[in-house]
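Examining the three-dimensional arrangement
Chain by chain, the residues run as shown.
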Amino acid sequence: MSERLEATRNAYGEALVELGRTNKNVVVLDADLSPSTKTSKFAEEFPERFFDVGVAEANLISMAAGFASAGKTAFASTFSVFGTEKGLNQFKQSAAYPKLNVKLVVTHGGISVGEDGVSHFCIEDIAVMRSLPNVTVVVPADAVETRVATKAIAEYEGPVFMRLSRPKTPLIYEEGYRYAGTDLTFHLGKSVTLKEGEDVTIVATGLMVVEALVAASDLAKEGIDAGVINVHTIKPLDQEAILRAARKSGAIVTAEEHNILGGLGGAVAEVLVENTPVPMARVGIRNSFGESGPWKELFAKYGLTSSDILKKVKEVMKRRG
Amino acid sequence: MAPFGGKTAPHDEDLIKKLDAIALSLRSDSLIMTTKACSGHIGGSLSAADIVAALYFHHLRHDPKNPDWEDRGRFILSKGHACPVIYAALAKAGYFSREELWALRKIGSILQGHPDMRRTPGIETSTGTLGQGLSIGEGMALAARLDGKSYRVYVLLGDGELDEGQVWEAAMSASHYRIDNLTAIVDLNSHQLSGCTDKIMSLRPVADKWRAFGWHVIEIDGHQMKQILDSLDEAERIKDKPTVIIAHTNKGKGVSFIEKSFAEGHSEYHGIPLTESELAQALEELHE
Ligand SMILES: Cc1ncc(C[n+]2csc(CCOP(=O)(O)OP(=O)(O)O)c2C)c(N)n1
């Protein structure tokens, strides 16, 4: 992990500009949040391909579907809470059902939004979006992964929901998508095994991947060999990797900045229970809306730190016996 | 008898002076609390300060000792991000101590980043997602009608907020149901989050739009206390249809460098608080 910090939304803004240069078919829409979602960068360079609809998320998403029906690759951005919830039926009816090339890329996912508080948090987006047929759900773990993911979803034909974050967070990958000296390739629907483990595997997504890596290295000091899998695509889920880890390490802990209901934990539980039931525990927000505060303090209060993962690892290992 | 509100004209000089002074203090407390919180929305708090002073310290019937008083007037901050100015008013009116303002947006605070009716005494509705307040206000106003109550409902909206389709769904149903105990106030400061409304999403002609939806429209200068008070009285006299007061305001009103920044088309003072030194400069200007 590097000392350098960058917000995933910032990487998205830059990646969109790159995309705009090479792919003239890309259009970008926003709903009066472009300085925050960073689509403002694209707007500056390609004003003729950028459309701000004002504070009107339903219009945002159905308009994107219209562009997609006419052959464009349409990126629509706003905060997760507004994109997921104010445009949900629009996304389902006008984009997901007809399998249109709409990329709903939202920033300010989870509670790392911080001080704005509950009205601006979104801890149900993964659950809601993964329950829609045809929709690919992507949650990158850092800025480097966001750059390659943005490119990948543009190349992929079909509706995508990608969730990004507000704060600056540590880079897990080296520039160009390298990890521990190895070049990686980003594949939608495939996870990245960052570390193999014999005793337990932590399956994490988004900002919780950093916490999972810290937990794994703390556990190593106690003689516990924990693997870490980064699930950047929640749907379709990389079942093979999860089942392999379950068989190898015999216990799974999931970690996500999301309600414990219906998100990554739910998705992993579904796979395990139908294939290889092993002891499992979920780290996430325990069915509470949260409150305003600095995001790191919120992570501590609502159980989203490496030590929360560590506790769950011990609990699950005890259950396995 | 409530300690605040329910009063109508005449609006004499002394009253106007008093309310102007209160508006100033709401402006400065909005700026202080957001700087202390290192976050929060100031532009839209300052533009609404005169309207909020007129409501909370003269027109709106309410009792800080009894926030749940059945017959209170209901105020809904539909543009929830401007809550600093409401928190300042609630503290000044006596719902809680001024000290609470300095815990804005901190963990455990009664003052959330956006209004929370379960945590903050005096907050009527939980808002923050734009576009919902007018619909909620209609529900309250119709409930008053059913219960034979005389209370009125006030909803403060932003002009950017008018982009939301739901506002127009509510505009349609309010006139359909002839809701005349509902006053909407639009803080028309000509800016939204990412720029001027004329550039991001034009609303023109805004008064005609409301008229076309069946509303009685009053246009005022939202910084002229007498005009604000008179318009609130006029709205009460209009029967059989809802009234909207379109208040022309300046985003950042009262602090020249903030007003100037908006006038030049910048948006950073929408959602970013003042630095300590900017705050000192702003407070000096407000109180000179
Ligand atoms: C549904 C929704 N979409 C987006 C936002 C983010 N947002 C907060 S304030 C704002 C602009 C509001 O402009 P306006 O209503 O004119 O408020 P003012 O200028 O008075 O502050 C936006 C888009 C939100 N709070 N709710």
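Calculation criteria
All residue numbers refer to position in the chain's written sequence, counted from 1. Chains and ligands are labelled by the order in which they are written, letters from A for the one and numbers from 1 for the other. Since the coordinates come from a predicted model, pLDDT governs what is reported: local features require at least 70, and pairs of side-chain atoms require 80 or more to be given and counted, while whole-chain, interface and lining totals use all residues. Side-chain numbers come from the whole structure's heavy atoms, not from hydrogens or water. Helix and strand labels come from DSSP, where a helix needs a run of H or I of at least four residues and a strand needs a run of E of at least two; each type is numbered from the N terminus. Radius of gyration here uses only the C-alpha atoms, and the compact-globule reference equals 2.2 Å multiplied by the residue count raised to the power 0.38. Only protein chains enter the area calculation, which uses a 1.4 Å probe; residues under 20% of their type maximum are buried, those over 50% are exposed, and those in between are partly exposed. Two residues form a contact once any of their heavy atoms are found within 4.5 Å. Residues scored as positive are Lys and Arg, those scored as negative are Asp and Glu, and His as well as the terminal groups of each chain are ignored. Lys charges are placed at NZ, Arg charges at CZ, Asp charges at CG and Glu charges at CD. Any carboxyl oxygen of Asp or Glu that lies within 4 Å of a side-chain nitrogen of Lys or Arg is treated as forming a salt bridge with it. Identification of polar contacts relies on pairs of N or O atoms within 3.5 Å, with a donor-acceptor requirement for protein atoms, meaning one able to donate a hydrogen and the other able to accept it, and with residues adjacent in sequence counted only if both atoms are side-chain atoms. Expected helix span is given by 1.5 Å per residue-to-residue step, counting one fewer step than there are residues. Throughout, the arc means the angular range of directions from the helix axis out to the C-beta atoms. Here, strands pair whenever DSSP counts at least two bridges between them. Axes, fitted as lines to C-alpha atoms, cover a helix only where it is in contact. Angles between the N-to-C directions of the axes lie from 0 to 180 degrees. For this description, a residue counts as near a given molecule or strand if any of its non-hydrogen atoms is within 4 Å of it. The method behind every accessible area is Shrake-Rupley, applied with a 1.4 Å probe, and residues are considered shielded solely by the protein chains displayed. Following the grouping adopted for this structure description, the nonpolar residues are Ala, Val, Leu, Ile, Met, Phe, Trp, Tyr, Cys and Pro, the charged ones are Asp, Glu, Lys and Arg, and the polar ones are all others, Gly among them. Residue-level confidence of the predictor, termed pLDDT, takes values from 0 up to 100. An angle below 35 degrees is treated as roughly parallel, one above 145 as roughly antiparallel, one from 65 to 115 as roughly perpendicular, and anything else as oblique. Left-handed describes a crossing in which the near helix is turned anticlockwise from the far one by less than a right angle; the clockwise case is right-handed.

Before going further, it helps to spend a moment on the overall build of chain A. Each helix and strand counted, chain A has 13 helices and 16 strands in total. Against the 2.2 N^0.38 benchmark of 20 Å for 321 residues, chain A shows a C-alpha radius of gyration of 19 Å, consistent with a compact globule. Taken along its principal axes, the extent of the C-alpha atoms in chain A is 60 × 40 × 40 Å. Within the span of chain A, comprising 321 residues, buried residues form 64% of the whole. Partitioning the contacts of chain A with sequence separation of at least 6, the portion at a separation of at least 24 is 79%. Across chain A, the centroid of the 36 positively charged side chains sits 3 Å from that of the 40 negatively charged ones.

Turning to the environment of Val268 of chain A, a few remarks are in order. All names here are of chain A. Inspection of the secondary structure puts Val268 in helix H11 (residues 264-275). C-alpha of Val268 to C-alpha of Asn101: the two residues are 167 residues apart in sequence and 27 Å apart in space. In this structure, Val268 is in contact with Val203, Leu237, Ile242, Ile252, Thr254 and Met280, ignoring residues within four places of it in sequence.

The parts lose accessible area when they come together, and the size of an interface is often stated as this lost area. Contact residues are listed per partner, giving 24 residues for chain A and 24 residues for chain B. Our enumeration of links across chain A and chain B arrives at 2 salt bridges. Scanning the region where chain A abuts chain B turns up 14 residue pairs in polar contact (both at pLDDT 80 or more). Of all the elements in the fold, those that place two or more residues in the side of chain A that touches chain B are helix H2 (34-37) and helix H12 (295-301) of chain A. Counting residues per element, the side of chain A that touches chain B draws most heavily on H12 of chain A, at 3 residues.

Residues and elements named next belong to chain B. Between the first and last C-alpha of helix H5 (residues 133-147) there are 21 Å, a value that for 15 residues agrees with the 21 Å anticipated at 1.5 Å per step. All of the buried residues in H5 are Gly133, Leu134, Gly137, Glu138, Met140, Ala141 and Ala144. Projected onto a plane normal to the axis of H5, the buried residues spread over an arc of 165° and lie on a single side. Exposed side of H5, more than 90 degrees from the buried face: Leu146 and Asp147 are the residues found there. Of the surrounding elements, those touching the buried residues of H5 are strand S1 (74-77), strand S2 (153-158), helix H6 (165-176), strand S3 (182-188) and helix H8 (206-212). Looking one or two residues past H5, Gly148 carries a phi angle of roughly 65°, positive in sign.

All names here are of chain A. Pairing within the open sheet is mixed, and its 5 strands lie in the order S11-S13-S12-S15-S16. Each having just a single partner strand, strand S11 (192-195) and strand S16 (280-285) make up the two edges of the open sheet. With strand direction ignored, the average angle separating the axes of adjacent strands in the sheet is 25°. As judged from the 5 bridges shared by strand S12 (residues 200-204) and strand S13 (residues 226-230), these two strands associate in the parallel manner.

Let's shift gears to the site of the ligand. Close contacts around the ligand come from 24 residues, with Glu57 of chain A together with Lys79, His81, Asp159 and Lys251 of chain B the closest. A distance of 3.0 Å is found between a nitrogen atom of the ligand and a backbone nitrogen or oxygen belonging to Leu130 of chain B. Contact between the ligand and Asp159 of chain B: an oxygen atom at 2.7 Å from a side-chain N or O atom of the residue. Computed on the free molecule, the ligand has an accessible area of 590 Å², of which 99% lies beneath the protein chains in the complex. Its residues placed into classes, the shell around the ligand shows 5 nonpolar, 11 polar and 8 charged.

Attention now moves to the confidence of the model for chain B. All names here are of chain B. Across chain B, the average pLDDT comes to 97, with 99% of residues at or above 70. Helix H11 (residues 268-271) is the least confidently modelled element of chain B, averaging 95 in pLDDT, while S3 averages 99, the highest of any element. The complex prediction reports pTM at 0.97, with the ipTM value standing at 0.96.

Here we take up the packing of helix H3 (residues 49-59) of chain B against helix H9 (residues 225-237) of chain B. All names here are of chain B. Their axes nearest at 10 Å, the elements H3 and H9 cross at an angle of 60°. One element, H3, and the other, H9, form an angle in the oblique class. At the point where H3 passes H9, the crossing takes the right-handed sense. Facing H3, whose interface residues are Asp50, Ile51, Ala53, Ala54, Leu55, His58 and His59, H9 presents Met225, Ile228, Leu229, Leu232, Asp233 and Glu236. For the contact of H3 with H9, the class distribution of residues is 8 nonpolar, 2 polar and 3 charged.

All names here are of chain B. In contact at an axis separation of 9 Å, helix H1 (residues 13-37) and H9 are set at 105° when each is read in the N-to-C sense. Between H1 and H9, the crossing angle belongs to the class labelled roughly perpendicular. Of the residues in H9, those in contact with Leu15, Ile16, Leu19 and Asp20 of H1 are Met225, Lys226 and Leu229. Each residue belonging to the contact of H1 with H9 can be placed in one class, and the counts come to 5 nonpolar, no polar and 2 charged.

Residues and elements named next belong to chain A. Under the defined criterion, the tally for this structure stands at 32 salt bridges over all chains. Between Glu6 and Arg147 there is a salt bridge, with its nearest N and O atoms 2.6 Å apart. Of this pair, Glu6 sits in strand S1 (residues 5-6) while Arg147 sits in helix H8 (residues 143-155), and the two are 141 residues apart along the sequence. Measuring nitrogen to oxygen at the nearest pair gives 3.9 Å for the salt bridge that ties Glu115 to Arg166. On the criterion of sequence distance, the pair formed by Glu115 in the loop between strand S5 (102-107) and helix H7 (125-130) and Arg166 in the loop between strand S7 (160-163) and strand S8 (169-170) is long-range, its members being 51 residues apart. Exposure remark for Arg166: the relative accessible area of 26% places this residue in the partly exposed category. When salt bridges that share partners are traced, they join Arg4, Glu6, Glu14, Arg147 and Glu175 into one network.

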